[in-house]
Amino acid sequence: MEQTTTTFISSQKNDVQPTGDHDSFMVEDHTFFLSLAVVGFALAAVNTLGNTALLLTIFRDTRRLLQTPPSLLIANLCVSDLVVGLIAGDLVAVKDVYRFQHLPVPNKLDPIIRLVLGLSLFVSSGTIIALSCDRYVAVMHPFKYKSTITRKRVKICIALIWAVAFTLCFLPLTSIPEVIFKIVYAHTHASLPAILLTIMYFKVFRALGKEEEN
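Residues numbered from 1 in each chain as written. Predicted model: local features only at pLDDT ≥ 70, side-chain atom pairs only at ≥ 80, totals over all residues. Heavy atoms only, no water.

- If you look the protein up in an unreviewed UniProt entry, it shows as G-protein coupled receptors family 1 profile domain-containing protein from Desmophyllum pertusum.
- Here is the UniProt Subcellular location (unreviewed entry) comment for the protein, exactly as written: "Cell membrane".
- Per UniProt, the protein has the following entry under Sequence similarities (unreviewed entry): "Belongs to the G-protein coupled receptor 1 family." (UniProt positions renumbered as here; feature names shortened; annotations may be inferred.)

Now the structure itself:
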């Protein structure tokens, strides 16, 4: 009888123990998502304030800064980064707040975050490539720079970058297969920019090295 009672008490203790572990895990889970939310809002605020300050600096002195093509590209890059901090960064933090409070995350949050991140990533990559092309022409063909890199052409380039970015981001809404979309997304957002930047910087550094030797 005593052995049966002891066995019963032991089984009751074993049944209670996982509940305590689960509760402690939930507390840690709360802290984890709260930390993510705080860090997310902080990074989004820093991103937003920094890019806003840079844009204000550029547009305050429009006569000097916006007259040069590189400044237009830098301003476009700031706008792209500002969109990430202002929209995607805050929405990711809001998502962590929902998780922290054990509330169901709205289904629309993830598509919006992916759309903004994909859009900004392509615009940033395209703008960096355009800036690299600008420096490439300046180094390789300095006498043709002013006639080749004009404000009008840079504005057209910026418009095309945003147009292509929106087109790529809305491809999932079409009937295109998901596999093809992933391949296109990977190459346009990662592979192609990496290859182009590597080639251009290699040529620029090689040209600079030859000038130093001469």
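Some points on the UniProt feature "transmembrane region" (unreviewed entry) in the protein
Point 1. The sites that UniProt annotates as "transmembrane region" (unreviewed entry) are residues 32-59, 71-92, 112-133, 154-173 and 179-202.
Point 2. Here residues 32-59 runs as 100% helix and 0% strand, with 40 Å between its end C-alpha atoms.
Point 3. Secondary structure content for residues 71-92 is 100% helix and 0% strand, and the end C-alpha separation is 30 Å. (Helix = DSSP H or I, 4+ residues; strand = E, 2+ residues; numbered from the N terminus.)

Topic: the packing of helix 3 (residues 69-100) against helix 6 (residues 151-169)
Point 1. Two elements in contact, helix 3 and helix 6, have axes separated by 9 Å at closest approach and are oriented at 20°. Accordingly, the angle class assigned to the pair helix 3 and helix 6 is roughly parallel. Judged by the sense of rotation from one axis to the other, the crossing of helix 3 with helix 6 is right-handed. Where helix 3 approaches helix 6, its residues P69, L72, L73, N76 and V79 are matched on the opposing element by R151, V154, K155, I158 and W162.
Point 2. Of the residues assigned to the contact of helix 3 with helix 6, the class counts are 7 nonpolar, 1 polar and 2 charged. (Axes fitted to C-alpha atoms, helices over the stretch in contact; angles between N-to-C directions. Parallel < 35°, antiparallel > 145°, perpendicular 65-115°, else oblique. Left-handed = near helix turned anticlockwise from the far one by under 90°. Contact = heavy atoms within 4.5 Å. Nonpolar A, V, L, I, M, F, W, Y, C, P; charged D, E, K, R; others polar.)

What to know about the state of the cysteines
Simply put, the disulfide is a covalent bond whose two ends are the sulfur atoms of two cysteines.
Point 1. The final tally for this structure, using the stated rule, is 0 disulfides.
Point 2. We note that C133 lacks a disulfide partner, and the nearest cysteine sulfur, in C157, lies 7.7 Å from it.
Point 3. C133 gets classed as partly exposed once you look at its relative accessible area, which sits at 31%. (Disulfide = S-S within 2.5 Å. Buried < 20%, exposed > 50% of the residue type's maximum accessible area, 1.4 Å probe, protein only.)

What to know about the packing of aromatic side chains
Point 1. Tallying each qualifying case throughout the model produces 5 aromatic pairs.
Point 2. Measuring from ring centre to ring centre gives 6.4 Å for F166 and F170, while their planes differ by 15°; the resulting arrangement is stacked.
Point 3. Look at F181 and Y185: their rings are 5.8 Å apart centre to centre, the planes differ by 50°, and that puts the pair in the tilted class. Taken as a pair, F181 and Y185 lie in helix 7 (residues 178-213) at a separation of 4 residues, close to a single helical turn.
Point 4. Clustering of aromatic rings is evident, with ring pairs tying together W162, F166 and F170. (Phe/Tyr/Trp six-rings, centres within 6.5 Å; stacked < 30°, edge-to-face > 60°.)

Structural notes on the layout of surface pockets
Point 1. In this structure, the largest pocket spans a volume of roughly 310 Å³.
Point 2. Elements with a minimum of two residues in the lining of the largest pocket: helix 4 (109-140) and helix 7.
Point 3. Residue composition of the lining of the largest pocket, grouped by class: 10 nonpolar, 1 polar and 1 charged.
Point 4. Taken as a whole, the second largest pocket spans an internal volume of roughly 260 Å³.
Point 5. G126, I129, A130, C157 and I161 are, among the 19 residues lining the second largest pocket, the residues nearest its centre.
Point 6. Those elements giving two or more residues to the lining of the second largest pocket turn out to be helix 4, helix 6 and helix 7.
Point 7. A per-element tally of the lining of the second largest pocket places helix 4 first, with 7 residues. (1 Å grid on protein atoms, 1.4 Å probe; cavity = no way out; pocket = protein on both sides within 12 Å on 5 of 7 lines; lining within 4 Å. Points joined across faces, edges and corners; volume = space filled by probe spheres on them.)

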